[in-house]
Amino acid sequence: MKPPKEIAQEIALRPRFKIELEYPKEQALSWFAEAKEHTDAYIVHCVDDHVFIKIPKEKQHFWSPQLDIEIISFEDNHCTLHGLFGPKPSVWTLFMFIHFLVATLFIGMGIWVYTQISLGAPYAVQLTVMALLVLLWFVLYFAGRMGKATGHDEMLELYQFMKGVLRN
């Protein structure tokens, strides 16, 4: 298993991780179910082989992450924990919708520019809109990076909480 500092750096770059556990899946799931009953510092939901850990509502902000865990068992007394850090589903859906909208408008503007060129008509307005859409893509990218940086400390807190539960 990697030391916590290496894990923290890896999580900052890739919000997915995998940990091999040397006890049964049921044991790990029972620890998370027990943690759900004994902590107010985090919201823990257990559904089948999945565990969702979130920051409490009163401490959440727009960029607060959540930790989604899936525990898979391949043999007795061993299991694999797959973790994924991500934004709240509503934030993710909003960003995906905006990206889809920008991409659709960009393609539409490209078609319009091609049509205007084919007809020999002016097309400066359409090219300007396309340039603004590219600029908007960069703004969305940097907003996402800013949000990831804003939620980084909470991401590490969620990871440390998960590690604490598994040390039972």
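As a starting point, this report considers the structure included with it.

Conventions and cut-offs
- Residues numbered from 1 in each chain as written.
- Predicted model: local features only at pLDDT ≥ 70, side-chain atom pairs only at ≥ 80, totals over all residues.
- Heavy atoms only, no water.
- Helix = DSSP H or I, 4+ residues; strand = E, 2+ residues; numbered from the N terminus.
- Rg over C-alpha atoms; globule rule 2.2 N^0.38 Å.
- Buried < 20%, exposed > 50% of the residue type's maximum accessible area, 1.4 Å probe, protein only.
- Contact = heavy atoms within 4.5 Å.
- Lys, Arg positive; Asp, Glu negative; His and termini not counted.
- Charge placed at Lys NZ, Arg CZ, Asp CG, Glu CD.
- Core = buried A, V, L, I, M, F, W, Y, C linked by side-chain atoms within 4.5 Å.
- Pairing = 2+ DSSP bridges.

Quick look at the overall build of the chain
Okay, step 1: Tallying secondary structure elements over the chain gives five helices and five strands in all.
Okay, step 2: For the chain, the succession of helices and strands along the chain, N to C, is α-β-α-β-β-β-β-α-α-α.
Okay, step 3: Against the 2.2 N^0.38 benchmark of 15 Å for 168 residues, the chain shows a C-alpha radius of gyration of 22 Å, more extended than a compact globule.
Okay, step 4: The C-alpha extent of the chain, read off along each of the three principal axes, is 70 × 35 × 30 Å.
Okay, step 5: The buried share of the chain, taken over its 168 residues, is 32%.
Okay, step 6: Sequence separation of at least 24 residues holds for 58% of the intrachain contacts in the chain that already meet a minimum separation of 6.
Okay, step 7: Seen as two clouds, the 15 positive and the 18 negative side-chain charges of the chain have centres 8 Å apart.

What about the nonpolar core?
Okay, step 1: One finds F32, I53, I69, L81, M162 and L166 to be the most contacted residues of the largest nonpolar core, which totals 27 residues.
Okay, step 2: Among the secondary structure elements, those contributing two or more residues to this core are strand 1 (16-21), helix 2 (25-38), strand 3 (50-54), strand 4 (65-75), strand 5 (78-87) and helix 5 (152-166).
Okay, step 3: Tallying contributions element by element places helix 5 first for this core, with seven residues.
Okay, step 4: Ignoring anything within four residues of it in the chain, the contact list for M162 reads F17, I19, F32, I53, L67, I69 and L81.
Okay, step 5: M109, V113, M130 and L140 belong to the second-largest nonpolar core, a separate cluster that totals eight residues.

A closer look at unusual backbone geometry
Most peptide bonds adopt trans geometry, and most residues besides glycine take a negative phi value.
Okay, step 1: Positive phi, normally seen in glycine, also occurs at D48, with a value near 55°.
Okay, step 2: Residue classification places D48 among the exposed positions, given a relative accessible area of 69%.
Okay, step 3: One non-glycine residue, N77, adopts positive backbone phi at about 60°.
Okay, step 4: Looking at where N77 falls in the secondary structure, it is placed in the loop between strand 4 and strand 5.
Okay, step 5: On the accessibility criterion, N77 (47% relative accessible area) is partly exposed.

What to know about the pairing of strand 2 (residues 43-47)
Okay, step 1: Bridge count for strand 2 against strand 3 is five bridges, and the pairing is antiparallel. The residue of strand 3 that forms the bridge with V44 is I53.
Okay, step 2: If you look at the hairpin formed by strand 2 and strand 3, you'll find two residues sitting between the two strands, and D48 has a positive phi there, around 55°.

Read these as layout, nothing more, since geometry by itself doesn't imply function.
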